[in-house]
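Structure at a glance
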Amino acid sequence: MSELVVSTTDDPVTAHVIQIGAVLNAQLSGIVAQMRSGLVERITELGGDTALIGLLGASVEGNVDNIVHALQHGIRGEQLEPPSAAYEYARRLAQRGVPVNSLIRAYRLGQQYVLRHAFDVSCRIETAADIRAGAYDRMVTEVSDYIDWMSQGVVGVYEEERESWLAGQADSRNAKVRELLASPGNDVDAAEATLGYRLRGRHIAVVVWVDQRSTNQDQLSRFTKATRALAERLRSTGPPLLVGVDGATAWGWIPVQGDYCFDPAVTEWNKGSRQEMPVPRFALSASGVGLEGFRNAHHQALQVQHLALHAQHPTRTVLSYEEPGLALAALLSQQLDATRAWVATVLGDLVIDDELHQRHRETLLAFLRHEGSYTATAEAMLMHKNSIKYRIASAQKILGRALLEDRLSIEAALTVCHWLGPAVLRQVPS
């Protein structure tokens, strides 16, 4: 096999384990991707949380990389450096209240998965039965020792973080916010007194966060400062309410005037920020009134954050539910696989993810939003009218049908492409 390495050791069992490690190392990215998908499917306590799943993937990658290199180079588990993502994943589970059993179960399932791959690789390498049996015994021992060592470490991190987080959550404001979001029947007067926030007014909900992999410390003080600055931009009628969700995420509400209207300029508020990294990102809701509006706005902000985590707009630090088409895209992002398939059915080859097709999509979307007016589209895009006509004709040719045949679906699919980008587009093979 071309993947095999030649070992200089005189011990045939060690040589066989080294060969297996080398093959696994060559297949590392595929093993990690399959294991991540399998764990997400089986560990249902994650609830589809994009941020937690991302950290799980980073933890899996670090641990599998350690195991494979240990097999390939004869390194004992305690000589390895624990993956930082594994400890951060344990902290986030503790902060979110996910049971510690889910953390341990991931390591047990991962152990089974790695050993199964190692045994499959061994079967494809010609060697004597006694050598193969010895290699199996060696790998089971070494992988089990590593899993035991890492499990003890991550459980210790989890328990320490959980104890600290529960102490912080004892704060009455955090508890009251969760009570308000969970239960429709509440004493508004008592809740306002506890929160120091007027629930009967009009408010905008926010979710503010940073990349979970880019921070090792609690960001709540930075979030508070940034949210106050945003509140000033929105001409807030009072101080915002902000509560921590975990060390990298917070939920908030900003009281606004009764005649508040969405200003698109607010999405540029934090653009080009010179703050220390990582720069906080904001998901904003539409405005809501009273306690019901308090809850509805929060759910809208969560939907916008969900879209942002999938879309990964690199230059956008603020997204609002009230931006044209974003609410629709946020809703459809909840079922991303089905949405991707539907968009491809509606748009055909227009979903190809390259610069040419992106120009066609954006021009066609602007054309539909301007009621099919070449002149208005040209003015909006700062282009010549003839250039717009050429692009529209090219886009329709790729689409393979007239725009009026199913205008609603076409405009909706283009809107989803605009907001979700590569998450719903067809990638071009490199």
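Report on the accompanying structure.

Parameters and conventions
- Residues numbered from 1 in each chain as written.
- Predicted model: local features only at pLDDT ≥ 70, side-chain atom pairs only at ≥ 80, totals over all residues.
- Heavy atoms only, no water.
- Helix = DSSP H or I, 4+ residues; strand = E, 2+ residues; numbered from the N terminus.
- Buried < 20%, exposed > 50% of the residue type's maximum accessible area, 1.4 Å probe, protein only.
- Contact = heavy atoms within 4.5 Å.
- Areas by Shrake-Rupley, 256 points an atom, 1.4 Å probe, with all protein chains shown as cover.
- Axes fitted to C-alpha atoms, helices over the stretch in contact; angles between N-to-C directions.
- Parallel < 35°, antiparallel > 145°, perpendicular 65-115°, else oblique.
- Left-handed = near helix turned anticlockwise from the far one by under 90°.
- Nonpolar A, V, L, I, M, F, W, Y, C, P; charged D, E, K, R; others polar.
- Pairing = 2+ DSSP bridges.
- Phe/Tyr/Trp six-rings, centres within 6.5 Å; stacked < 30°, edge-to-face > 60°.
- Lys NZ or Arg CZ within 6 Å of the ring centre and 35° of its normal.
- 1 Å grid on protein atoms, 1.4 Å probe; cavity = no way out; pocket = protein on both sides within 12 Å on 5 of 7 lines; lining within 4 Å.
- Points joined across faces, edges and corners; volume = space filled by probe spheres on them.
- Core = buried A, V, L, I, M, F, W, Y, C linked by side-chain atoms within 4.5 Å.

So, on to the overall build of the protein chain. Regarding its fold elements, the protein chain presents 16 helices and 5 strands. C-alpha atoms of the protein chain, sized along the principal axes, occupy 80 × 60 × 40 Å. When each of the 430 residues of the protein chain is scored for burial, the buried share is 48%. Long-range pairs, those at least 24 residues apart, make up 73% of the contacts in the protein chain between residues at least 6 apart in sequence. Of the roughly 20,800 Å² of accessible surface on the protein chain, a fraction of 51% belongs to carbon and sulfur atoms.

Turning our attention to the packing of helix H3 (residues 50-73) against helix H4 (residues 84-96). Look at H3 against H4: their axes get within 8 Å of each other, and the N-to-C directions meet at 150 degrees. Judged on the interaxial angle alone, H4 and H3 are roughly antiparallel. H4 is crossed by H3, and the crossing has left-handed handedness. Mapping the contact onto sequence places Leu52, Leu55, Leu56, Ala58, Ser59 and Asn63 in H3 and Ala85, Ala86, Glu88, Tyr89, Arg92, Leu93 and Arg96 in H4. Its residues placed into classes, the contact of H3 with H4 shows 8 nonpolar, 2 polar and 3 charged.

Moving on, we come to the sheet that holds strand S2 (residues 241-246). Strand order in this open sheet of 5 strands is S2-S3-S1-S4-S5, and the pairing throughout is mixed. Strand pairing shows two members of the sheet lacking a second neighbour, S2 and strand S5 (318-320), which therefore form its edges. Direction aside, neighbouring strands of the sheet carry axes that sit 20 degrees apart on average. Bridge count for strand S1 (residues 202-209) against strand S3 (residues 249-256) is 8 bridges, and the pairing is antiparallel. Its bridge partner being in S3, tryptophan 209 is matched across the sheet by threonine 249. Contacts from helix H7 (residues 172-182) reach S2 and S3 within the one sheet, and its direction differs from that of S2 by about 90 degrees.

Glancing now at the packing of aromatic side chains. With the rule as written, the count across this model stands at 5 aromatic pairs. Between tyrosine 197 and phenylalanine 294, the ring centres sit 6.4 Å apart and the planes meet at 55 degrees, which makes this aromatic pair tilted. Of this pair, tyrosine 197 sits in the loop between helix H8 (188-195) and S1 while phenylalanine 294 sits in helix H10 (residues 290-311); the two residues are 97 residues apart in sequence, bridging distant segments of the chain. Taken together, Tyr197, Trp253 and Phe294 form an aromatic cluster joined through their ring pairs. Between the NZ or CZ atom of lysine 389 and the centre of the ring of tyrosine 374, over which it lies, the distance is 5.6 Å.

Attention now goes to empty space enclosed by the protein. Enumeration over the complete set of coordinates arrives at 2 cavities of 30 Å³ or more. Its volume calculated, the largest cavity comes out at about 140 Å³. If you trace the largest cavity, you find 16 residues lining it, with Met35, Asn63, Ala106, Tyr107 and Gly110 closest to the centre. Elements with a contribution of two residues or more to the lining of the largest cavity: helix H2 (28-42), H3, helix H5 (100-123) and helix H6 (129-169).

As a further point, take the nonpolar core. Counting 54 residues, the largest nonpolar core has Leu199, Trp253, Phe294, Leu307, Leu347, Ile410 and Leu420 as its most contacted members. Sequence-distant contacts of tryptophan 253, defined by excluding residues within four places in its chain, comprise Val177, Leu181, Tyr197, Ile204, Ala205, Pro240, Leu241, Phe294 and His298. By size, the runner-up hydrophobic cluster in this structure holds 49 residues, among which are Ile20, Val68, Ala94 and Ala118.

Next up on the list: the pairing of strand S4 (residues 281-289). Of all 9 residues that make up S4, 7 are buried, and the element is covered over most of its length. Relative to S4, S1 runs antiparallel, the two sharing 7 bridges. Among the inter-strand pairings, tryptophan 209 is bridged to a residue of S4, identified as arginine 281. Summarising the sheet, S4 and S5 pair through 3 bridges and their orientation is parallel. Across the sheet, alanine 283 pairs through a bridge with leucine 319, a residue of S5.

Geometry only, nothing functional implied.
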